[in-house]
Amino acid sequence: MEKIVYSLFLVPWVLALAVFLLPGARFHRLRQLITFLSLPALSFLTYLIWNGHLPLQIEAPRWLKLAFTVYDYGLLFYFLYQGIKFRDFLVTVLALFQLFLLTWVLLIIPESSVPDFYVDRLSAFMFLIVSTVGTLICIYATKYMEQENLERENRFVAILLWFLGVMNLAVSVNNIEWFFALFETTTLASYILIRFRWDEVSVKNALRALWMNQIGGIAILLGLLFGIKYYGFTHFTQFLSLSGKPTIVMIPLGFLAVSALVKGAQMPFHRWLLGAMVAPTPVSAILHSATMVKIAPYLILRLSPVIKGTLLAKLLIITTGFVFVGAGLLALTQENFKKILAYSTISLLGLMMLTASMGSSMAILASLTLILFHAVVKALLFMEAGVMEKLFKAKYIEDIRRLVERAPITVAFTSIGFMSMTIVPYGIFVSKWMAIEEASNFLSHGAYVGSIIFMATGGVILALLYFKVIGVMTRKRGEFFRFQLEKVPFVYLFSTVPLVLFVIVGSIFIAKLLCLSVNPVVEAVIGTPAPIIAKGLTLITPVSELYGWQIIGAFVLLLIVPILAYFVHFTGTDRVYEYTCGEKLELNIGTYNFFCIQAVEPFVETAAVALFILTLVLGGGLV
Amino acid sequence: MSYWTAFILTLFSPVIGGFIYGLERIVRARMQGRVGPPLLQPFYDFFKLMDKRSIIIHSFHAFMGIMYLIGTWFALFVLLSGGDLLIAIFFHVLSLAFLVVGGFSVRSPYSVIGAMRELLHMVAYEPLYVLSAAALYLVTGTFQVSGILHSKHVPLIYLPLFFTAVLFSLPAILKKSPFDTAEAHQEIIGGPEIEYSGKFYEAVYTAKWIEYVYAFFFIFLFAGGNHILGALLIIFAFFFFNLLDNVTARVNFRQMVAFHWYILIPLAVINLMLIALWRS
Amino acid sequence: MDFKKFRKRSPWILHYNTGSCNGCDIEILACLAPKYDVERFGILNRGNPKQSDILLVTGPVTKRAKERLLRLYFEMPEPKVVVAVGACACSGGVFRHMYNVENGVDKVIPVDVYVPGCAARPEAIIDGIVRALEILKEKGKEVELPHWCSAQVKPPVNRVKLLDRCLEELHGRR
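A.B. asks: Describe the overall build of chain A, and please don't skip the residues or the numbers.
C.D. replies: What chain A contains, in helices and strands, is 23 helices and 6 strands. Against the globule reference of 25 Å for 623 residues, chain A gives a C-alpha radius of gyration of 24 Å, in line with a compact fold. Projected onto its principal axes, the C-alpha positions of chain A cover 85 × 60 × 50 Å. Pairs at least 24 apart in sequence give 82% of the contacts found in chain A among residues at least 6 apart. Counting every atom, chain A has about 20,200 Å² of accessible surface; 67% of that belongs to carbon and sulfur. Charged side chains in chain A number 44 positive and 33 negative. The centres of these two groups are separated by 2 Å.

As structure tokens, this is what we get:
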């Protein structure tokens with residue numbers, strides 16, 4: 001079993017090395033093959049772990065501890081070097097501060113015999129996402145980079161594969177010091193990936209990502225320091241033993257939660273994730289969906305049994321809920337397709353952390369469902385964004401006007417992606433529904449009332465956003481005279497179709513999926529499974545039911561019927577022009593971009609900063 | 001409510017909605033000192049439209065009009081069949097999606113503006129309805145519509161502010177003055193429905209009658225198990241919103257969203273919090 | 001089922017001003033107001049040609065307005081009737097034979113009912129509409145073309161092309 005866990009980290013690295021060592025255009029096919037191998041290999045390993053005996057506690061060899069310490073210093077010195085090289089004040093100072101804190105931690109860290117790897121179902125769940133969605137993105141990246149820059153393709157794909165290994169490692173370590181090292185490694189990975197194109201904007205955005213994420217690193221180190229000071233704790237499992245104690249010192253947990261907020265690109269630290277869009281699209285796909293930002297809800301989920309019901313949890317609910325609405329509002333003002341997606345990621349990450357900090361079994365279930373479906377859908381949407389960019393040269397909403405006339409497949413997939421984030425039968429909706437109903441139980445707490453308001457308004461704002469984009473895409477000049485599918489390269493189809501299928505099938509069989517696959521994870525996170533029952537397609541929760549016929553009915557309406565719309569022709573009816581008051585006009589229909597909302601952007605950010613500080617100060621118990 | 005009752009009610013909901021609409025036209029006329037059309041006027045319109053020559057922009061657009069009817073009908077069935085209230089509310093969003101996508105799918109300025117405003121209508125009233133589902137849960141202890149209808153409590157007594165808020169947002173869901181920005185007949189000539197004609201307009205026209213039934217059933221839920229009170233509430237709401245329709249001018253969409261978000265939702269939330277605190 | 005009898009019961013109106021002095025338009029609106037209240041007969045002012053049955057035209061049809069009038073006419077689905085309201089719309093009125101007018105609606109589109117008067121009285125307008133309803137009831141659903149138009153149509157009609165064809169002819173004619 002230990003070997004399987006180790007191979008989950010090592011296999012991607014070996015594959016990455018193989019890809020890296022095969023440069024040039026000649027080996028393109030071979031590299032694609034190697035990248036493809038990662039999908040079956042990692043999925044099989046994850047399958048073995050999922051079916052194995054969990055949780056798994058693995059003692060790491062002593063040399064590894066030393067190696068991690070050395071690696072930490074190496075990493076931080078590299079950050080320092082980058083800061084000096086690009087004359088970036090913040091990067092330099094933060095790297096120095098981290099070096100100082102790390103040294104301090106190493107000086108006072110107690111010896112502990114707690115195993116350094118802790119693989120439970122939550123880790124396995126993250127493995128599952130990384131090893132399917134992540135590898136599909138890598139496969140997609142091979143084709144994408146072939147169209148962009150074949151010479152540097154090996155480098156790019158190798159970094160992505162290596163990143164998957166790092167992510168796997170990050171979600172299975174127990175030692176917080178190691179977690180810090182891996183947290184900063186993901187920062188490094190995002191830094192390298194964002195500056196991949198090496199133009200001025202890329203480097204600027206990469207440095208921004210670097211300094212913002214270093215704040216997260218500092219928060220982890222501070223959390224660790226206070227953890228050692230108050231309890232002598234250095235491992236996650238030790239913190240978990242605190243759950244149920246009447247009074248606990250929240251400072252270490254507060255700092256860890258803050259690091260999650262930073263990694264999860266919550267406002268005011270959302271700009272680094274927005275900056276990631278200058279990189280090639282697979283970077284956005286992998287940062288937004290399978291890896292990197294998912295560390296944030298993972299961390300909150302890890303801590304949720306301890307922070308459940310505390311002031312910290314309530315403040316987290318309000319902060320993340322505010323971000324859920326605020327990011328959605330700001331997304332309305334954007335014209336760039338990838339930026340819209342980025343804002344909606346920030347927004348939905350807020351929802352994930354909100355539900356995770358609620359901490360009851362139903363809420364955790366909702367959070368996990370959200371993580372799973374969001375990873376799949378966001379990967380799909382970013383891949384489609386890449387397809388639009390490469391095949392149709394469309395980056396802005398204005399460019400995707402009337403795309404449905406040229407690219408029915410892309411439009412259909414994108415619409416399914418967008419609809420699955422708001423509309424009724426899809427997984428993300430189901431988790432939102434469960435979260436609202438769960439929050440209704442605790443309405444005497446202001447935080448939960450806030451969460452309901454945030455969920456209701458945020459959801460509807462996202463619906464507005466997505467339908468705006470769908471509407472622009474489906475605008476047409478006239479009839480389909482001949483129905484023609486666009487030619488999408490096979491690799492693109494190979495990496496997107498499974499995701500679409502998962503979204504659809506997973507949403508139809510949502511009851512079974514939740515009961516059989518997600519509920520064991522809930523049990524691993526907080527000890528008790530959520531009280532849900534699957535009866536056929538019907539999902540029965542403690543307070544309500546989602547009937548199978550409702551799911552099927554919604555799918556018939558949403559999927560089958562719009563696809564039918566391509567083939568329905570009312571041949572016997574007259575055709576006419578649009579009503580324009582009788583004027584003869586050259587029509588050029590734009591989109592409404594809600595520029596009025598830009599006026600509130602400073603207020604949203606200021607409020608987010610205030611809430612952020614509130615979370616740290618009050619929630620972390622710094623008063 | 002059993003599935004069969006719900007099914008039959010849903011099946012006849014266009015007829016019920018048509019009568020409500022006919023009555024509304026009479027009441028509105030009387031309030032303006034006019035005689036008004038006969039009660040069956042909506043049905044005359046219906047049959048007349050059946051006989052018109054249909055002209056369409058393109059098939060996708062026309063098809064979305066029909067889908068709007070089917071979607072609304074299905075949403076009503078979900079509400080009446082006694083299932084989860086929240087799910088029924090979100091099904092309503094789904095049905096609106098067809099109207100919106102249809103409105104966006106033609107290159108007509110009025111239609112596109114109207115579709116965007118339709119979405120803003122949704123932004124305005126949807127949070128209130130989600131919150132009211134939570135509030136009804138708080139009072140009756142269930143999210144199931146059938147449970148609420150058989151509840152011993154009368155939610156209206158516990159949720160007076162909430163009921164007021166829902167009452168004021170009724171014009172937004174039915175697109176009546178002062179919140180009729182999405183249709184705005186004098187301004188954008190019907191918004192998303194402008195390009196439909198003949199049988200296809202008939203579908204959109206009928207779907208709006210079904211929305212009447214949907215909205216008034218929502219009012220009915222505020223009486224809980226007391227169905228006579230529910231009927232009275234519907235009658236009151238009907239006259240109230242006709243009065244509102246007649247005495248107010250159209251506000252713009254910002255004022256509409258602002259009114260819902262800054263006045264109605266806080267009103268509802270105050271009620272919600274007080275009742276939750278009292279109960280705990 | 002015979003739907004023809006319902007045509008009389010719910011005529012929806014499109015009102016277009018082709019350069020009138022607004023006198024007739026005000027009288028048309030007076031019909032809708034409480035005193036005459038034509039909604040009694042199910043008449044609604046839709047303002048949307050695609051859902052209307054009766055086209056009420058006022059004014060002498062200026063050169064600028066004739067193309068728009070034709071566009072609106074083709075946007076209306078059959079069966080439909082056209083009512084020319086006021087002296088100008090019937091014959092050009094005081095503007096007759098001026099350089100900038102077409103001398104009445106019937107020079108551009110076929111007219112079914114003429115309502116005289118300067119301005120036409122509301123009673124006359126209502127009377128005209130009632131007459132128009134009789135004609136509407138008997139009308140078929142074939143596409144109607146202006147008398148000067150030589151285009152041959154067979155269903156389904158693509159009105160975009162039809163309009164282009166007619167406009168060509170309209171501008172070529174003198």
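On we go from here.
A.B. asks: Give me the packing of aromatic side chains: which residues, what numbers.
C.D. replies: Taken as a whole and judged by the stated rule, the model has 61 aromatic pairs over all chains. An angle of 45° between the planes, with centres 6.5 Å apart, marks the rings of Tyr-3 of chain B and Phe-77 of chain B as tilted. Linking Tyr-3 of chain B in helix H1 (residues 3-11) with Phe-77 of chain B in helix H4 (residues 59-80), this pair joins segments that are 74 residues apart in sequence. Judged by its relative accessible area of 38%, Tyr-3 of chain B is partly exposed. With 6.0 Å between their ring centres and 55° between their planes, Tyr-73 of chain C and Phe-74 of chain C make a pair best called tilted. The lysine or arginine in question, Lys-263 of chain A, covers the ring of Phe-183 of chain A, its NZ or CZ lying 4.3 Å from the ring centre. Taking the ring centre of Tyr-577 of chain A as reference, the NZ or CZ of Arg-71 of chain C above it sits at 4.7 Å.

A.B. asks: Break down the interface of chain A and chain C for me, with residues and values.
C.D. replies: The interface of chain A with chain C comprises 14 residues on the first partner and 17 residues on the second. Summed over the three residues of chain A that lose the most area to chain C, namely Asp-574, Tyr-577 and Tyr-579 of chain A, the buried surface amounts to 48% of that side. Remark: the boundary between chain A and chain C carries 2 salt bridges. A salt bridge links Asp-574 of chain A to Arg-159 of chain C; the shortest N-O distance between them is 2.8 Å. Across the chain A-chain C interface, the total number found is 6 residue pairs in polar contact (both at pLDDT 80 or more). Split by residue class, the side of chain A that touches chain C holds 4 nonpolar, 5 polar and 5 charged.

A.B. asks: An account of the sheet that holds strand S2 (residues 44-45) of chain C is requested, with residue identities and associated values reported.
C.D. replies: Residue and element names in this part refer to chain C. Spatial strand order, S2-S1-S3-S4-S5: 5 strands in an open sheet with parallel pairing. Strand pairing shows two members of the sheet lacking a second neighbour, S2 and strand S5 (113-115), which therefore form its edges. Summarising the sheet, strand S3 (residues 54-58) and strand S4 (residues 81-85) pair through 5 bridges and their orientation is parallel. Paired with Val-57 across the strands is Ala-84, a residue of S4. The strands that helix H2 (residues 23-32) touches are strand S1 (12-17), S2, S3 and S4; relative to S3, the one it contacts most, it runs at about 140°. This element, helix H3 (residues 63-75), spans S1, S3 and S4 of the sheet and lies at about 170° to S1.

A.B. asks: Can you tell me about the pattern of salt bridges, naming the residues and giving the values?
C.D. replies: Enumeration over the complete set of coordinates arrives at 37 salt bridges over all chains. Residue Arg-117 of chain B is joined to Glu-187 of chain B by a salt bridge in which the shortest nitrogen-to-oxygen separation is 2.9 Å. Within this pair, whereas Arg-117 of chain B is found in helix H6 (residues 109-140), its partner Glu-187 of chain B is found in the loop between helix H9 (160-174) and helix H10 (198-221), the two being separated by 70 residues in sequence. Judged by its relative accessible area of 14%, Arg-117 of chain B falls in the buried class. Residues joined by salt bridges that share partners form a network here, namely Asp-574 of chain A, Arg-53 of chain B together with Glu-78, Lys-80 and Arg-159 of chain C.

A.B. asks: An account of the interface of chain B and chain A is requested, with residue identities and associated values reported.
C.D. replies: Taken together, the 66 residues of chain B in the interface contact 62 residues of chain A. Between chain B and chain A, roughly 6,000 Å² of surface is buried when both sides are summed, and carbon and sulfur atoms account for 76% of that area. In this assembly, chain B and chain A are joined by 1 salt bridge. The partner of Asp-574 of chain A in a salt bridge is Arg-53 of chain B, with the nearest N and O atoms 2.7 Å apart. If you look at where chain B meets chain A, you find 10 residue pairs in polar contact (both at pLDDT 80 or more). Those elements that provide at least two residues to the side of chain B that touches chain A are strand S1 (55-56), H4, helix H5 (85-104), H6 and helix H12 (253-279) of chain B.

A.B. asks: Outline the nonpolar core, supporting the account with residue identities and numerical values.
C.D. replies: Counting residues in hydrophobic clusters, the biggest one holds 375 residues, and the most contacted among them are Leu-85 and Leu-170 of chain B. For Leu-85 of chain B, the residues in contact, after removing those within four places along its chain, are Leu-79, Ala-133, Leu-136, Phe-143, Val-145, Ile-148, Phe-218 and Leu-221 of chain B. Core analysis: the next-biggest nonpolar cluster, separate from the first, contains 40 residues, Val-576 and Tyr-577 of chain A together with Val-82 and Cys-149 of chain C among them.

Here is what the cut-offs are and how they apply
- Residues numbered from 1 in each chain as written.
- Chains lettered and ligands numbered in written order.
- Predicted model: local features only at pLDDT ≥ 70, side-chain atom pairs only at ≥ 80, totals over all residues.
- Heavy atoms only, no water.
- Helix = DSSP H or I, 4+ residues; strand = E, 2+ residues; numbered from the N terminus.
- Rg over C-alpha atoms; globule rule 2.2 N^0.38 Å.
- Contact = heavy atoms within 4.5 Å.
- Areas by Shrake-Rupley, 256 points an atom, 1.4 Å probe, with all protein chains shown as cover.
- Lys, Arg positive; Asp, Glu negative; His and termini not counted.
- Charge placed at Lys NZ, Arg CZ, Asp CG, Glu CD.
- Phe/Tyr/Trp six-rings, centres within 6.5 Å; stacked < 30°, edge-to-face > 60°.
- Buried < 20%, exposed > 50% of the residue type's maximum accessible area, 1.4 Å probe, protein only.
- Lys NZ or Arg CZ within 6 Å of the ring centre and 35° of its normal.
- Buried area = accessible area lost by both parts, 1.4 Å probe.
- Salt bridge = Lys/Arg side-chain N within 4 Å of Asp/Glu carboxyl O.
- Polar contact = N/O pair within 3.5 Å; in protein donor to acceptor, adjacent residues only side chain to side chain.
- Nonpolar A, V, L, I, M, F, W, Y, C, P; charged D, E, K, R; others polar.
- Pairing = 2+ DSSP bridges.
- Axes fitted to C-alpha atoms, helices over the stretch in contact; angles between N-to-C directions.
- Core = buried A, V, L, I, M, F, W, Y, C linked by side-chain atoms within 4.5 Å.

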